[in-house]
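Here is what each chain is made of, one letter per residue.
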Amino acid sequence: MKTYPFVLRPIKAIAAAMLTICAMAAPQAHAAFPDRPLRIVVPFTPGGGTDIIARQLAKGLTDELGQSVIVENRPGGSTIIGTENVAKSPPDGYTLLMATFAHAVNPAIHKKLPYDTDKAFAPVALIGKSPNVLVVSPKSKFKSVPDILAYARAHPGKLTFGSYGNGTSAHLAGELFKSLGKVDVLHVPYKGAGPGINDLMGGQIDMIFSTSASVSGHVKTGQLRALAVTTQDRSPSYPGVPAVAEAGVPGYYVDSWYGVFVPQGTPAAVIDRLNAAIKNVSDKADFQAALKLEGLVANVGTPAALGDYVKQEEARWSKIVSEAGITDAP
């Protein structure tokens, strides 16, 4: 049979063009999320409460999502360095921020943040809440909150309290103590829980209003002495330890919290997937046991619930920061 190449060539060209058009018109297939490892950015040094909680969560999410979830510590700048890293990451759900109390108060303390806290992040899930704990070295002469108040009033500016950076719950808990207790105590910021706790045990500073997750183990082993918890009522994790409010500073309370955020613009379906995975992890007995060991009560809710809670925290602490005159505190 005779062929006509000059006829076939145009036909082949037309067929190829039609295939291209069909491929462009057809729905594009996307790999199911997640199809590669994820990372949780912790804006603190390793070894502190936030790091401990993040690693427990990463372990559970690795099993839940079927992909490796690594923890990346990016301390410094009152949590701003690590937080900025997440704000500028692709909004695809593969970079998560383990946020804390500092996330809600940094806008009030630092007027020129490299990101807009309310616009740069999308909430995923609240992990839980816990008290901060006023701790001292077991060698300290202070046995109670009244002991500290009496000494501070007799020796203004002589006592020191450590924190894990400006704007952290350990910092603001101390500032609120100063304000409501009407005492002058020097703030000593560190780049994370580990260095601050080491200096406290070594006698370089007098006290820390630490997150429970950072010091519960040290309290249990007697390496630190707990004088009070910062919640409105006593904590079941510290039986026999009074609340700061009942121990001599009426009206005092501070809650620490841990929540997961992703960059704004992350698809809603991805956020829902992450929220469901975190909820499943939080329901497991081993995760709850780990949180309880750190004095934390699991409280995973919807993304919207975390967003509403943080807005409330922002409003409350903005007012307190302003009234106490600690904006841009050293």
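Residues numbered from 1 in each chain as written. Predicted model: local features only at pLDDT ≥ 70, side-chain atom pairs only at ≥ 80, totals over all residues. Heavy atoms only, no water.

The next subject is the nonpolar core. Of all hydrophobic cores here, the largest spans 51 residues; its most connected members are Ile-40, Leu-57, Leu-61, Met-98, Ile-127, Leu-274 and Ile-278. Ranked by size, the runner-up nonpolar core spans 48 residues in total, among them Ile-109, Leu-113, Val-244 and Val-310. (Core = buried A, V, L, I, M, F, W, Y, C linked by side-chain atoms within 4.5 Å. Buried < 20%, exposed > 50% of the residue type's maximum accessible area, 1.4 Å probe, protein only.)

To continue, consider helix H2 (residues 49-65). The end-to-end C-alpha distance of H2 is 24 Å, a good match for the 24 Å that 17 residues give at a rise of 1.5 Å each. Within the span of H2, buried status applies to Gly-49, Thr-50, Asp-51, Ile-53, Ala-54, Leu-57, Ala-58, Gly-60, Leu-61 and Leu-65. At the C-terminal side of H2, Gly-66 shows a positive phi close to 75 degrees. (Helix = DSSP H or I, 4+ residues; strand = E, 2+ residues; numbered from the N terminus. Expected span 1.5 Å × (residues − 1).)

Here we come to the side chain of Arg-225. Here Arg-225 lies in strand S8 (residues 225-229). Despite its burial, Arg-225 remains without a salt bridge, the nearest opposite charge being carried by Asp-147 at 7.2 Å. Within polar-contact distance, the side chain of Arg-225 engages the backbone oxygen of Pro-138 at 2.6 Å. Only 3.1 Å separates the side chain of Arg-225 from the backbone oxygen of Ser-140, close enough to count as a polar contact. Not counting chain neighbours up to four residues away, the residues in contact with Arg-225 comprise Leu-134, Val-135, Val-136, Ser-137, Pro-138, Lys-139, Ser-140, Phe-142 and Lys-143. (Lys, Arg positive; Asp, Glu negative; His and termini not counted. Salt bridge = Lys/Arg side-chain N within 4 Å of Asp/Glu carboxyl O. Polar contact = N/O pair within 3.5 Å; in protein donor to acceptor, adjacent residues only side chain to side chain. Contact = heavy atoms within 4.5 Å.)

We now examine the pattern of salt bridges. Evaluated as defined, the whole model comprises 10 salt bridges. The salt bridge involving Glu-72 is made with Arg-39; its shortest N-O contact spans 3.0 Å. Separated by 33 residues along the polypeptide, Glu-72 in strand S2 (residues 69-73) and Arg-39 in strand S1 (residues 38-42) bring together distant segments of the chain. Relative accessible area serves as the criterion here: at 17%, Arg-39 is assigned to the buried category. For Asp-283, the salt bridge identified is with Lys-279, shortest N-O distance 3.0 Å. Given a relative accessible area of 46%, Asp-283 falls into the partly exposed group. Shared partners join several salt bridges into a network, and the residues in it are Asp-35, Arg-36 and Asp-92.

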